[in-house]
Amino acid sequence: RKDVQSAYEIVHASVFYFSVAIAILILIQYLWYRKCRMEENNESDQADFQLQERQTEFVANVSHELKTPIAVVSSQIEMLELMGDKIDRAYYFSSIHEELDKMSKMVGELLDNALNTMEISSADVSEMIEYLLLRYEGLFKQKGIRIEQKISPNAVVRGNQMYLERAVNNYLMNAMQHTGQGKKICVTVQKKYVTVNVFNEGEQIAENQLEHIWESFYTLARKKKGGDTQKMNAGLGLYMVKKIMEYHKGKCGVENQANGVNFWLQIPIYEEKNKLQKEKNN
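All values derive from a computational prediction rather than experimental measurement.

Cut-off values and rules
Residues numbered from 1 in each chain as written. Predicted model: local features only at pLDDT ≥ 70, side-chain atom pairs only at ≥ 80, totals over all residues. Heavy atoms only, no water. Helix = DSSP H or I, 4+ residues; strand = E, 2+ residues; numbered from the N terminus. Contact = heavy atoms within 4.5 Å. Areas by Shrake-Rupley, 256 points an atom, 1.4 Å probe, with all protein chains shown as cover. Phe/Tyr/Trp six-rings, centres within 6.5 Å; stacked < 30°, edge-to-face > 60°. Buried < 20%, exposed > 50% of the residue type's maximum accessible area, 1.4 Å probe, protein only. Pairing = 2+ DSSP bridges. Axes fitted to C-alpha atoms, helices over the stretch in contact; angles between N-to-C directions. Salt bridge = Lys/Arg side-chain N within 4 Å of Asp/Glu carboxyl O. Parallel < 35°, antiparallel > 145°, perpendicular 65-115°, else oblique. Left-handed = near helix turned anticlockwise from the far one by under 90°. Nonpolar A, V, L, I, M, F, W, Y, C, P; charged D, E, K, R; others polar. Core = buried A, V, L, I, M, F, W, Y, C linked by side-chain atoms within 4.5 Å.

A. Fine view of the overall build of the protein. When helices and strands are counted, the protein shows 7 helices and 9 strands. When contacts within the protein are restricted to residue pairs at least 6 apart in sequence, those whose partners lie at least 24 apart make up 68%. Carbon and sulfur atoms make up 53% of the accessible area of the protein, which totals about 18,700 Å².

B. Quick look at the packing of aromatic side chains. Inspection of the entire model under this criterion finds 3 aromatic pairs. Judged by centre distance (6.5 Å) and plane angle (80°), the rings of Tyr 136 and Phe 140 are edge-to-face. We note that Tyr 136, like Phe 140, is buried. Residues Trp 214 and Phe 263 carry aromatic rings whose centres are separated by 6.1 Å and whose planes lie at 75° to one another, so their mutual orientation is edge-to-face. Here Phe 263 lies in strand S9 (residues 260-268) and Trp 214 lies in the loop between strand S5 (193-201) and strand S6 (219-223), a separation of 49 residues in the sequence. Judged by relative accessible area, which is 9%, Trp 214 ranks as buried. Aromatic rings pair up to connect Tyr 171, Trp 214 and Phe 263 into one cluster.

C. Spatial organisation of the sheet that holds S5. With respect to topology, 5 strands assemble into an open sheet ordered S2-S4-S5-S9-S8, the strand pairing being mixed. The open sheet has two free edges, formed respectively by strand S2 (146-151) and strand S8 (251-257), since each of these has just one partner strand. Neighbour-to-neighbour, the strand axes of this sheet turn through a mean angle of 10°, independent of strand direction.

D. Representation of the pattern of salt bridges. With the rule as written, the count across this model stands at 3 salt bridges. Taking the shortest distance from any N to any O, the salt bridge between Arg 135 and Glu 165 comes out at 4.0 Å. Of this pair, Arg 135 sits in helix H3 (residues 125-135) while Glu 165 sits in helix H5 (residues 161-177); the two residues are 30 residues apart in sequence, bridging distant segments of the chain. Assessed through its relative accessible area of 40%, Arg 135 is described here as partly exposed. Of the charged contacts in the structure, one is a salt bridge between Glu 137 and Lys 141, with a shortest N-O distance of 3.5 Å. Pair noted here: Glu 137 and Lys 141 are both in helix H4 (residues 137-142), with a separation of 4 residues, about one helical turn. Judged by relative accessible area, Glu 137 falls into the partly exposed class, the value being 35%.

E. Geometry of the environment of Tyr 171. Within the fold, Tyr 171 resides in helix H5. Not counting the four nearest positions on each side in its chain, Tyr 171 is found in contact with Val 198, Trp 214, Leu 238, Val 241, Cys 252, Gly 253, Phe 263, Trp 264 and Leu 265.

F. Structural view of the packing of H3 against H5. Viewed as axis vectors pointing N to C, H3 and H5 meet at an angle of 50°, and their least axial separation amounts to 10 Å. The pairing of H3 with H5 is recorded here as oblique in orientation. Crossing hand, H3 versus H5: right-handed. Judged by residue contacts, Met 128, Ile 129, Tyr 131, Leu 132, Leu 133 and Arg 135 of H3 engage Gln 161, Leu 164, Glu 165, Val 168, Asn 169 and Leu 172 from H5. Of the residues belonging to the contact of H3 with H5, the class tally is 8 nonpolar, 2 polar and 2 charged.

G. Highlighting helix H6 (residues 237-247). With 8 of its 11 residues buried, H6 lies for the most part within the structure. Considered for burial, the residues of H6 that qualify are Gly 237, Leu 238, Tyr 239, Met 240, Val 241, Lys 243, Ile 244 and Met 245. The first or second residue beyond H6 is Lys 249, which carries a positive phi of 55°.

H. Focus on the environment of Ile 147. For Ile 147, the location among the structural elements is in strand S2. Every residue in contact with Ile 147, bar those within four places of it in the chain, is listed here: Leu 133, Phe 140 and Ile 185.

I. Highlighting the nonpolar core. Val 125, Ile 129, Tyr 171, Trp 214, Met 245, Phe 263 and Leu 265 are the most contacted members of the largest nonpolar core, which has 47 residues in total. Grouped together as the second largest cluster of nonpolar side chains are 6 residues, Leu 80, Tyr 92, Ile 96 and Met 103 included.

J. View of unusual backbone geometry. In this model, Asn 154 sits at a positive phi of 60°, which is unusual for a non-glycine residue. With respect to the secondary-structure elements, Asn 154 resides in the loop between S2 and strand S3 (156-159). Phi at Lys 249 is positive, roughly 55°, even though this residue is not glycine. For Lys 249, a relative accessible area of 68% puts it in the exposed group.

Printed below as a string of structure tokens:
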């Protein structure tokens, strides 16, 4: 009987100490997990700060470099307005074109420098576009534009999230600008070779202008209802899209369709399994 009682006490004591040991292990694991999460958040915050810092620096460089040619163009336009036919207009027009070419080259060089130093990581294009569509949902509704989306999940590529978002954002803003009330914009994302299509119902682009719209500051002529021609400056948006795609080893393009225009871009898909297999083979 004494032996049984002693064994019973030993079992109880063992269970108690075992429970305490498990509790301590769980506490240690929790503290370790919490520490890891804090370190990850700190690294993420630091990466976001560095990204924002580089973006601010890029904008500041562009602003600084463009001050002089913008001032020159502004003064020449003012002279043309004040003097009219009393001055050599051909000379001033030629000079303005020259300054615009300088601006285009400056922006191109600055953009090349920014893209050369960009951080590369895996980016989920599907999540990125879903976020953009959600962000602009109010604007689309305000303009009475219908959105159709067919987005394949987990379309992951190797690139820079910020610049890829900027490229897609440019397509969406262009589509919204050229889509009338009650018409639609279709956004699709396909996997394999990640393809993003942004189609908008509206006026087509003249065939002889399709290859030029990717040039910086290109003047785009589009016909309005009634036969009038509307001239718009394409600015730097599509030029930047082209540059971003080049640095991501991708492609971009535009094509007229029956009742509108479709802008597309393609980026090589990033597959973690393939990357790990290649590294293993090497």
